[in-house]
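Fold and contact review
Take a look at the letters that make up each chain.
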Amino acid sequence: MILSLPPFIAAYHEAVFDTDRDAAFAVVQDALNHGITPEEIVFQVVVPASEEMMSRISRDPDANLAQHFMTAQISAEITEEMLKRFSRTPQAIGRVVIGTARGDLHSLGKRIVSGCLKALMVEVIDLGVNVPAERFVEEAVRLDAQIIAISAMMVHTATGPEGARKVRELLRERGLEQRIKLVVGGAPYRFDDHLFEQVGANGWAADGVTAGKIIIDLLPKPDSTPPPAPAPEPATPDTGAAPAPQAPVGSPIMRAATEMTPMEILAAAIAGRPAPRIPIFCNPLDQGARELGLSMRAYYASGENVAQGQLAMRNRYGHDNLWSLFYVGKEAELLGCQEILFAEDGPPNVGDFVIKSADDIHKLTVPDDITAHPAWRETATCLKILTRESAGRFPICAYLTASTTLPALLMGMDKWMELLLSGPVDLRDELLAKCSELFQKQVAAYRAAGAQVLIYSTPFGTPSFVGQKRFEQLSLPWMQRDLEPGGVSGIVYYCGMASFLRAIRPVMERLKINIHYISPLDSLTEAKSIIGAQGLTCGVIDDIKMISWSPEETREEVRRLCDIGMANGHFLLGTGVMPMAVPEANIRAFIEAGQEFGRYT
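This write-up is about the structure you can find in this document. Computed from a prediction, not measured in an experiment: that's the story for all the values here.

This brings us to the side chain of Thr404. Along the chain, Thr404 falls in the loop between strand 9 (396–401) and helix 20 (407–411). Those residues within four positions of Thr404 in sequence are excluded, and the remaining contacts are Trp416, Leu432, Thr458, Phe460, Ser475 and Trp478.

Written as structure tokens, this is what we have:
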């Protein structure tokens, strides 16, 4: 008996929104068993569900990255399976060449976009990761594609000269701007919604699912000629402005800092005790290489170089903290990573993944003593110098990746998301247990070496990544396991600049972490109201927008953050990823405005 479609549509929608792959395939099989054709399943179930999911995710505050990913993957898999059963192969509505920008190995966003497009009957040619600009254009021309889609998860791969900017230049040089449109996506674009214009793109989307709709809208319509739409000229940030003079120590701006040491100011902010001003943290990690006149590779090869670079940055700008972080891939090196990608305009990145199969998870070994590992040696040197030079006056920061997030550095974000969401559960938990063991050893080693501020990087510790249910049932227990042996002294909750307001209360209650580094995407007012006097609210400036802001715009944003955050104390002002492209004048404006507007006396 042939049943009507509505019950199957409703059941499929529910399965997809719950990110339940097995349930979605069961609905499709049930529909086939009841006489629904493969064509009806694709065009009346999968495609409408994909379109509805795009709309629903864009307006639903509970939507999360797991839903984005699984929606795309489920829809693409079912569409590809049904196409094999079609009585006649349908014609694609367009062709898209997609890839991740040169120097970038992040592939999750690209896979989400590809899956959505395939489900909407768009032909997708995936060029992979670390794709040169020339190849994007060559393949688009060879395959007669109408769209080039470029994903970039790091600021320097999004805005640098080897990514979308160069693709736009090549399209212009070859007279292809009207024939081939350029779409970009990735985390940096979420922090500055005009950034896509600066790199010369025709469009962008805040997430991988809605990117599908943007691309569909840019595809030429049948029997129509797209109107001319000249691409905007790429804007080049003005880095040539003369730096503002640094205030001498005796000036009114700097005098407050001499009354208490930065370490004492931080301790006062955490405890809610009187202090002359707020603590001001800045993260000029890679800028240290430029300060010393070294290549990134040479700079990060030596713990002494990193220490001297960070000391020089603090002396130049006058912020309150010192960094012992080299690059995030250091943690992967402790587990066997042999290749790091270096760029001169941004941070180093993992160049090859340790885990490529299930056997690699079984073989993964955590060193008995990480302080004896070659990858730790230079970190220890850096910390020794910083501890000596700081003499207890400045907080020394370290960066540690949570067990739920470290696998992304070992196998790639998309592969980790698949394992996390779909299992096998025993394999997932085996990997998490090893990552948690490494975390526990790292945090003990950093504390013993002199680090007092421990940035606990846990993007999977936010419902915006995995949803509230998985956050509470999966992420929280593993984070508890990470932190229990050493406690939470000095631990700062940091979600990689992702939104995490809904995580704060459960984290404070269950993990007892009371220092939270708030994303610029979140409301500082709301964060402050949740944390109150129970802990430290760290207000973070959008330092991606700082690339194109003027010093005065930077000052006004610091004033706004201070106005919100300083009420009732317990406030710290900080930066996020601090891209290399931020002009020196804006870094100075940030620090000096913080010292001016962040004064209590």
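Further remarks concern the sheet that holds strand 1 (residues 95–100). Strands pair in a sheet through their backbones, by hydrogen bonds, and they do so in one of two ways: parallel or antiparallel. Spatially, 5 strands are ordered 2-1-3-4-5 in an open sheet, and the strand pairing comes out parallel. Strands at the two margins of the open sheet, each flanked by one partner only, are strand 2 (123–126) and strand 5 (203–205). The average undirected angle you get between the axes of adjacent strands in this sheet is 25°. With 3 bridges joining them, strand 4 (residues 181–185) and strand 5 adopt parallel strand pairing. Paired with Gly185 across the bridge in strand 5 is Ala205. Against the sheet, helix 5 (residues 108–119) touches strand 1, strand 2 and strand 3 (147–151), its axis set at about 165° to strand 1.

Among the 5 residues of strand 13 (residues 536–540), 5 are classified as buried, and the element is accordingly described as predominantly covered. Residues of strand 13 alternate between two faces, with Leu536, Cys538 and Val540 on one and Thr537 and Gly539 on the opposite face, all of them buried. As paired elements, strand 12 (residues 515–517) and strand 13 share 3 bridges and run parallel to each other. Bridge pairing in strand 13 places His516 opposite Thr537. After leaving strand 12, the chain enters helix 25 (residues 524–531) and then returns to the sheet as strand 13, a path that is right-handed. As judged from the 4 bridges shared by strand 13 and strand 14 (residues 571–574), these two strands associate in the parallel manner. Along strand 14, the bridge assignment pairs Thr537 with Phe571.

What follows covers the state of the cysteines. By definition, a disulfide links two cysteine residues through a covalent bond between their sulfur atoms. Under the criterion given, the structure shown has 0 disulfides. Left unpaired, Cys282 is separated from the closest cysteine sulfur, that of Cys397, by 11 Å. When its relative accessible area of 1% is taken as the criterion, Cys282 is described as buried. Looking at the unpaired Cys337, the closest cysteine sulfur is the one in Cys435, lying at 13 Å.

Conventions we followed
Residues numbered from 1 in each chain as written. Predicted model: local features only at pLDDT ≥ 70, side-chain atom pairs only at ≥ 80, totals over all residues. Heavy atoms only, no water. Helix = DSSP H or I, 4+ residues; strand = E, 2+ residues; numbered from the N terminus. Contact = heavy atoms within 4.5 Å. Pairing = 2+ DSSP bridges. Axes fitted to C-alpha atoms, helices over the stretch in contact; angles between N-to-C directions. Buried < 20%, exposed > 50% of the residue type's maximum accessible area, 1.4 Å probe, protein only. Right-handed = clockwise from strand over helix to strand, strands pointing away. Disulfide = S-S within 2.5 Å.

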